Protein chains: 2
Amino acid sequence: MQKRFLLDESEMPTQWYNIQADMPNKPMPPIHPATKEPVGVDDLSHIFARECAKQELDTEHAWIDIPAPVLDMYKYYRATPLVRAYGLEQAIGTPAHIYFKNESVNPLGSHKLNSALPQCYYCKQEGVTNVTTETGAGQWGAALSYAAKVFGLECAVYQVKVSMQQKPYRSSIMRTFGATVEGSPSMSTRAGKDIITRDPNHPGSLGTAISEAIELATTTPNCKYTLGSVLNHVAIHQSIIGLEAEKQMAKAGEYPDVVIACFGGGSNFGGIAFPFMRHNILEGKQTQFIAAEPECCPKLTRGEFRYDFGDSAGYTPLLPMFTLGHEFKPANIHAGGLRYHGAGVIVSQLLKDGMMSGVDIPQLETFEAATLFARTEGIIPAPESAHAIAATIREAKRCAETGEQKVILFNLSGHGLIDMQAYDQYINGDLVNYAYNG
Amino acid sequence: MQKRFLLDESEMPTQWYNIQADMPNKPMPPIHPATKEPVGVDDLSHIFARECAKQELDTEHAWIDIPAPVLDMYKYYRATPLVRAYGLEQAIGTPAHIYFKNESVNPLGSHKLNSALPQCYYCKQEGVTNVTTETGAGQWGAALSYAAKVFGLECAVYQVKVSMQQKPYRSSIMRTFGATVEGSPSMSTRAGKDIITRDPNHPGSLGTAISEAIELATTTPNCKYTLGSVLNHVAIHQSIIGLEAEKQMAKAGEYPDVVIACFGGGSNFGGIAFPFMRHNILEGKQTQFIAAEPECCPKLTRGEFRYDFGDSAGYTPLLPMFTLGHEFKPANIHAGGLRYHGAGVIVSQLLKDGMMSGVDIPQLETFEAATLFARTEGIIPAPESAHAIAATIREAKRCAETGEQKVILFNLSGHGLIDMQAYDQYINGDLVNYAYNG
């Protein structure tokens, strides 16, 4: 029984996939909050690298070449293994075949490096010297810190305050790579000061940290903002996950009936899902796509589809998204990467068009799933990824009831070795569920 | 430029290598402290699984079949990649070719699982229900906790007290896998009580924790002791590292002039070194083997070759080893896995015979090396592995001076994600060197 499916360097994808080109209904454009006009590449280039801005609005090209220096860096850690989770299958007693794409073996511990590398590369190419960003649990911040170092850029990270306290080692990791790290909301930006003035105990959220990072980028010479999720160009870079998985599933002689990933802004979900979804669009395949979000931050299952800001302070263009409102303050769950009020533009359109579905999961169920996965597969998953595992277990149990031998593929977006405080709380019985408080 | 060299499942080694069969001078036997007679398999079987005891004393068979269920588990994470460290080479400006075997991508974060799996498998086969062990930094304890779960055994771990405080997350990991964890010296054994009585603030060492675990094993029905290093059967299991590396180096079209690993008891050193050393023994190759130990715990460079106990309390047989004395109390460096007073029996004989050498390295140099490696290769190494990196950098710098294009292979035994407190101290300038206080 083969457990792992690998790819040689020669088999690695050399292009990313851009689902925007194939979508039956294109995403609605981001619009400028003052003029209400669609924003263009020039507008976005004030904030992002120009190449990222171009990719963001590109609804023409389904395939985008991975720049050689980025591909070169990918080859240090990619292709990541596709693993058949025999241990988990046995423990559940399911006839389903469960596969996971193991992004937890990436250096820095998650899929985030897949987009950090190209974003830093494009910045470097365009003469940028400094990058900044937000981070929740810190997976994206850690990845960006390393990618910035690789391409010779300075890096400043705003980390959500509550996540910084829950996972102190992640800021240590970023500092080890030479980055500056600040807890958000902070007193170092106008946006941060405003939030602290209104609510001195604000725990921070991805929304507050994005505001601060954008403010830093737009007020610092030669500095660009980078984002680890939500945006279309991030989903393009992350498509490397699904493109590899497609080749690896073929080696396993199977094709997924269900593809599952956790959902914060959509980067790892889009990464694994979109390359398979193109076969639904173009060839009428019937694969199901499930995005697993936290019960307390349920934009997919309980959010509203409308134009909203991507950040708390309202610095970003208005984006057409499923949202809980840009001022929504999520509960302090340990899955810091999923504490975001809105869904990315592409995913929002796909959800609206019924091409995927969302499921929201209580925190305790995610840790129960994570512990079972750890004990059967040997990998302690990130609290974010634990949402995908919990959704997978639900699906596999359904198969156990119906006898269906479905092929389930989920993305293990990262490991949880920096999140052991959360596991301690779970083992000690101190972890609780948080209902949606919106 | 190919960066990673992988193996398919079909290319994986199916046997371990036992260097004892090929050594020109066989290791001297362990002897019973009371009778002064060599101990045999029956004696050792009181403590260890019988199959491990047999392997321990086997000087006949160079090749030992890996049991199918162990090989099956190996296939979840092996072969680990061999990586060419172009980034590090560039940063040093060396003509040397640097390769590392990346055991940090193992589940549980280090090479320790390679021996935890067979030890638990043999115990299970022999009807054992409980296993116990010692652990320093916790890499071995974490690996054993998971392996015990895989084969349905209960697991109790004595973790060195100072390491438990320095790396609290490692005990969380063990508990997540369902193990019981106790800080050593503890009040739960006679050995622990004796040590605490003499020295209430004793920080613990691998020697104290071994005593406690052996006491538990020998006073608990159906319980066996397991060890993560030092012993011959552990080096046999770890030979999987070097056997894979040999095939992978061949794919890279090179053969190592120098093989380097960090050194605590010898498990990862033996693992990567012995399969290459056999070509020195059998075919006259001239590869150099360097074991990197901490400046403050220098048994290879400053220890004495004599019979000594493997643990603090004197429960083990007497072993012929380079030792600093079994009551030696190592300084509180962060490389907890290297805080051990003696070298394994095989390594001690090889060192005596001039077939390898030791080098001792100050703590600050190891963290400087670790940080450079992290920033160039993206992986934060374990403080133990940082010793191998520091020794590699010394060697690569020598090559930069002489112009020699040596091929250097080192073993990255594990990642340091649970050791970020140490990196924090290093970044903040709070880390210090400890001279040898023996």
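Everything below is about the structure printed above this text.
Keep in mind it's a predicted model, so treat the numbers as computed, not measured.

Caption draft 1: Spotlight on the overall build of chain A. Along its length, chain A carries 17 helices and 15 strands. Expected size for 438 residues packed as a compact globule is a radius of gyration near 22 Å; at 20 Å, chain A falls within 12% of this value. The dimensions of chain A, computed from C-alpha atoms along their principal axes, are 60 × 50 × 40 Å. In chain A, which comprises 438 residues, the proportion classed as buried is 69%.

Caption draft 2: The packing of helix 15 (residues 363-377) of chain B against helix 17 (residues 420-427) of chain B, seen in detail. Residue and element names in this part refer to chain B. Orientation of helix 15 relative to helix 17, taken along the N-to-C sense of each, is 100 degrees, at an axis distance of 11 Å. For the element pair helix 15 / helix 17, the angle class is roughly perpendicular. Here Leu364, Phe367, Glu368, Ala370 and Thr371 of helix 15 come into contact with helix 17, specifically with Ala422, Tyr423 and Tyr426. Its residues placed into classes, the contact of helix 15 with helix 17 shows six nonpolar, one polar and one charged.

Caption draft 3: Spotlight on the sheet that holds strand 14 (residues 357-361) of chain A. Residues and elements named next belong to chain A. In space, the seven strands of this open sheet follow the order 1-4-5-15-10-11-14, with mixed pairing throughout. The open sheet is flanked by strand 1 (4-5) and strand 14, the only strands paired with a single partner. Pairing of strand 4 (residues 82-84) with strand 5 (residues 97-102) involves three bridges; the strand directions are antiparallel. In the sheet register, Leu82 faces strand 5, and the bridge partner there is Lys101. Across the sheet, helix 15 (residues 363-377) is in contact with strand 5, strand 14 and strand 15 (407-412); its angle to strand 14 comes to roughly 95 degrees.

Caption draft 4: Main features of helix 9 (residues 190-198) of chain A. Residue and element names in this part refer to chain A. The set of residues buried in helix 9 consists of Ala191, Gly192, Ile195 and Ile196. Burial along helix 9 is one-sided: seen end-on, the buried residues are contained in an arc of 130 degrees. Within helix 9, the exposed residues directed more than 90 degrees away from the buried face are Arg190, Thr197 and Arg198.

Caption draft 5: Examining the relation of the copies chain B and chain A more closely. Of the transformation superimposing chain B on chain A, the axial component is 0.0 Å and the angular component is 180 degrees, with the fit at an RMSD of 0.0 Å. Put plainly, the chains are arranged around a two-fold axis. Judged by C-alpha distance, Val105 of chain B is the residue of chain B that lies nearest the rotation axis, at 2.8 Å. Looking at chain B, 100% of its interface residues are interface residues in chain A too, so the copies touch through the same face.

Caption draft 6: Spatial organisation of the side chain of Lys112 of chain A. Looking at where Lys112 of chain A falls in the secondary structure, it is placed in the loop between strand 5 and helix 5 (113-125). Although Lys112 of chain A is buried, it forms no salt bridge, and the closest oppositely charged side chain is Glu134 of chain A at an N-O distance of 6.8 Å.

Caption draft 7: View of the interface of chain B and chain A. With 50 residues of chain B at the interface, the matching set in chain A holds 50 residues. On the chain B side of the contact with chain A, Tyr76, Tyr169 and Arg375 of chain B bury the most area, a combined 20% of that side's loss. Our count for the contact surface shared by chain B and chain A stands at 24 residue pairs in polar contact (both at pLDDT 80 or more). Broken down by secondary-structure element, the contributors of at least two residues to the side of chain B that touches chain A are strand 4 (82-84), helix 4 (86-92), helix 6 (139-150), helix 8 (168-176), helix 15 and helix 17 of chain B. The greatest single-element share of the side of chain B that touches chain A, amounting to six residues, is contributed by helix 8 of chain B. Across the side of chain B that touches chain A, the residue classes tally to 25 nonpolar, eleven polar and 14 charged.

Caption draft 8: Structural view of the environment of Ser45 of chain B. Residues and elements named next belong to chain B. Relative to the elements of secondary structure, Ser45 occurs in helix 1 (residues 41-45). When its relative accessible area of 11% is taken as the criterion, Ser45 is described as buried. Non-local contacts of Ser45, meaning those with residues more than four positions away in its chain, are made with Arg50, Ala53 and Lys224. Engagement of the side chain of Ser45 in a polar contact is seen with the backbone oxygen of Val41, the distance being 2.6 Å.

Caption draft 9: The nonpolar core, seen in detail. Counting 300 residues, the largest nonpolar core has Tyr74, Phe269 and Phe274 of chain A together with Tyr74, Phe269 and Phe274 of chain B as its most contacted members. Looking at this core element by element, the count peaks at nine residues for helix 11 (residues 232-252) of chain A. Residues within four places of Phe269 of chain B in sequence aside, it is in contact with Ala261, Cys262, Phe263, Phe274, Phe289, Ile290, Ala291, Val347 and Met356 of chain B.

Caption draft 10: Geometry of helix 5 (residues 113-125) of chain B. Residue and element names in this part refer to chain B. Under the 1.5 Å per step criterion, the end-to-end length of helix 5 is 18 Å for 13 residues, consistent within 8% with the ideal 18 Å. Counting buried positions along helix 5 yields eleven of 13 residues, so the element is predominantly enclosed. Looking only at helix 5, the buried set comprises Leu113, Asn114, Ser115, Ala116, Leu117, Pro118, Gln119, Cys120, Tyr121, Tyr122 and Cys123. Positive backbone phi, approximately 85 degrees, marks Gly127, located one or two places after helix 5.

Caption draft 11: Expanded view of the packing of helix 9 of chain A against helix 10 (residues 206-219) of chain A. All names here are of chain A. One way to put it is that helix 9 packs onto helix 10 with a least axis distance of 8 Å and a crossing angle of 145 degrees. Taken together, the residues of helix 10 that come into contact with helix 9 (itself represented by Arg190, Ala191, Gly192 and Ile195) are Thr208, Ser211, Glu212 and Glu215. By residue class, the composition of the contact of helix 9 with helix 10 is two nonpolar, three polar and three charged.

Caption draft 12: Just the side chain of Gln166 of chain A, in detail. By the secondary structure assignment, Gln166 of chain A is in helix 7 (residues 161-166). Taking relative accessible area as the criterion, Gln166 of chain A reaches 10% and is therefore assigned buried. At 3.2 Å, the side chain of Gln166 of chain A forms a polar contact with the backbone oxygen of Asn332 of chain A. If we ignore the near neighbours within four places in the chain, the residues touching Gln166 of chain A are Asn332, Ile333, His334 and Gln421 of chain A together with Tyr169 of chain B.

Caption draft 13: Examining the pattern of salt bridges more closely. A complete count under the given rule lists 36 salt bridges over all chains for this structure. The closest approach of N and O atoms between Arg78 of chain A and Glu103 of chain A, which form a salt bridge, is 2.7 Å. In this pair, Arg78 of chain A sits in the loop between helix 3 (68-74) and strand 4 while Glu103 of chain A sits in the loop between strand 5 and helix 5, placing the two residues 25 residues apart along the sequence. When sorted by exposure, Arg78 of chain A lands in the same class as Glu103 of chain A, which is buried. Close ionic contact of Lys54 of chain B with Glu51 of chain B constitutes a salt bridge, the shortest N to O distance being 3.7 Å. Taken together, the residues Lys54 of chain B and Glu51 of chain B, both in helix 2 (residues 50-56) and three residues apart, mark about one turn of the helix. Ionic contacts of the salt-bridge type, sharing partners, join the residues Arg78, Lys101, Glu103 and Glu244 of chain A into one network.

Caption draft 14: Seen up close, the sheet that holds strand 14 (residues 357-361) of chain B. Residues and elements named next belong to chain B. The strand order 1-4-5-15-10-11-14 describes an open sheet built from seven strands, whose pairing is mixed. Of all strands in the sheet, those with a lone pairing partner are strand 1 (4-5) and strand 14, marking the two edges. Where helix 11 (residues 232-252) meets the sheet, it contacts strand 1, strand 4, strand 5 (97-102) and strand 15 (407-412), and its direction lies at approximately 140 degrees from that of strand 5. Docked against the sheet, helix 15 engages strand 4, strand 5, strand 14 and strand 15, running at close to 95 degrees with respect to strand 14.

Caption draft 15: Geometry of the state of the cysteines. Counting across every chain of the model gives zero disulfides over all chains. Just so you know, Cys52 of chain A is unpaired, no disulfide at all, and the nearest cysteine sulfur is the one on Cys123 of chain A, 6.4 Å from it. Exposure remark for Cys52 of chain A: the relative accessible area of 2% places this residue in the buried category. We note that Cys123 of chain B lacks a disulfide partner, and the nearest cysteine sulfur, in Cys120 of chain B, lies 6.2 Å from it. By relative accessible area, Cys123 of chain B is classed as buried at 1%.

Caption draft 16: Structural context of the packing of aromatic side chains. According to the stated counting rule, one finds 35 aromatic pairs over all chains in the structure shown. A ring pair is formed by Tyr74 of chain A and Tyr77 of chain A, whose centres lie 6.2 Å apart and whose planes are at 80 degrees; its orientation type is edge-to-face. Their ring planes at 75 degrees and their centres at 6.0 Å tell us that Phe373 of chain A and Phe410 of chain A sit as a pair that is edge-to-face. Taken together, the positions of Phe373 of chain A in helix 15 and Phe410 of chain A in strand 15 put the pair 37 residues apart, joining distant regions of the chain. Residue Phe373 of chain A shares its accessibility class with Phe410 of chain A, and that shared class is buried. What links up through ring pairs into an aromatic cluster is the set Phe100, Phe373 and Phe410 of chain A. The cationic tip of Lys285 of chain A hangs over the ring face of Tyr255 of chain A; the distance from NZ or CZ to the ring centre is 4.2 Å. The positively charged end of Lys3 of chain B is found above the aromatic ring belonging to Tyr76 of chain A, 5.1 Å away from the centroid.

Quick notes on the rules
- Each chain has its residues counted from 1, following the order in which its sequence is written.
- Starting at A for chains and at 1 for ligands, labels are handed out in the order in which the entities are written.
- The predicted origin of the model limits local features to residues at a pLDDT of at least 70 and limits the giving and counting of side-chain atom pairs to 80 or more, whereas totals for whole chains, interfaces and linings rest on all residues.
- Side-chain descriptors were evaluated using all non-hydrogen atoms of the structure, hydrogens and water having been removed beforehand.
- A run of DSSP states H or I qualifies as a helix once it reaches four residues; a run of E qualifies as a strand once it reaches two. Both are numbered from the N-terminal end.
- The globule rule used for comparison is 2.2 Å times the number of residues to the exponent 0.38, while the radius of gyration itself is calculated over C-alpha atoms.
- Summary of the burial criterion: residues with accessible area below 20% of their type's maximum are buried, those above 50% are exposed, and those between are partly exposed, where the area comes from a 1.4 Å probe applied to protein chains only.
- An axis is simply a line fitted to the C-alpha atoms; with a helix, the fit covers only the stretch in contact. Between two such axes, the angle follows the N-to-C directions and lies from 0 to 180 degrees.
- An angle below 35 degrees is read as roughly parallel, one above 145 as roughly antiparallel, one from 65 to 115 as roughly perpendicular, and any other as oblique.
- By the convention used here, residues are in contact when the closest approach between their heavy atoms is within 4.5 Å.
- Note on residue classes: Ala, Val, Leu, Ile, Met, Phe, Trp, Tyr, Cys and Pro are nonpolar, Asp, Glu, Lys and Arg are charged, and everything else, Gly too, is polar.
- At least two bridges found by DSSP between two strands is the condition for calling them paired.
- To be clear, the arc concerns the directions from the helix axis to the C-beta atoms.
- Copies overlap after least-squares fitting; the atoms used are the C-alpha atoms of residues with pLDDT of at least 70 in both.
- None of His or the chain ends enter the tally, which takes Lys and Arg as positive and Asp and Glu as negative.
- We count a salt bridge whenever a side-chain nitrogen from Lys or Arg sits within 4 Å of a carboxyl oxygen from Asp or Glu.
- Put simply, buried area is the surface a 1.4 Å probe can reach on two separate parts but cannot reach once they are joined, added for both.
- By the criterion applied in these results, polar contacts are pairs of N or O atoms within 3.5 Å in which, for protein atoms, one can donate a hydrogen and the other can accept it, and in which residues neighboring in sequence qualify only through two side-chain atoms.
- As used here, the term nonpolar core means buried Ala, Val, Leu, Ile, Met, Phe, Trp, Tyr and Cys residues forming a set that is joined through side-chain atoms within 4.5 Å.
- Each helix should span, by expectation, one fewer than its residue count multiplied by 1.5 Å.
- Disulfides are defined as pairs of cysteine sulfur atoms found within 2.5 Å of each other.
- Stacked, edge-to-face and tilted labels apply to pairs of Phe, Tyr and Trp rings (six-membered ring for Trp) whose centres lie within 6.5 Å, assigned for plane angles under 30 degrees, over 60, and everything in between, in that order.
- Lysine and arginine charges are scored as sitting over a ring when NZ or CZ, respectively, is within 6 Å of the ring centre and within 35 degrees of the ring normal.

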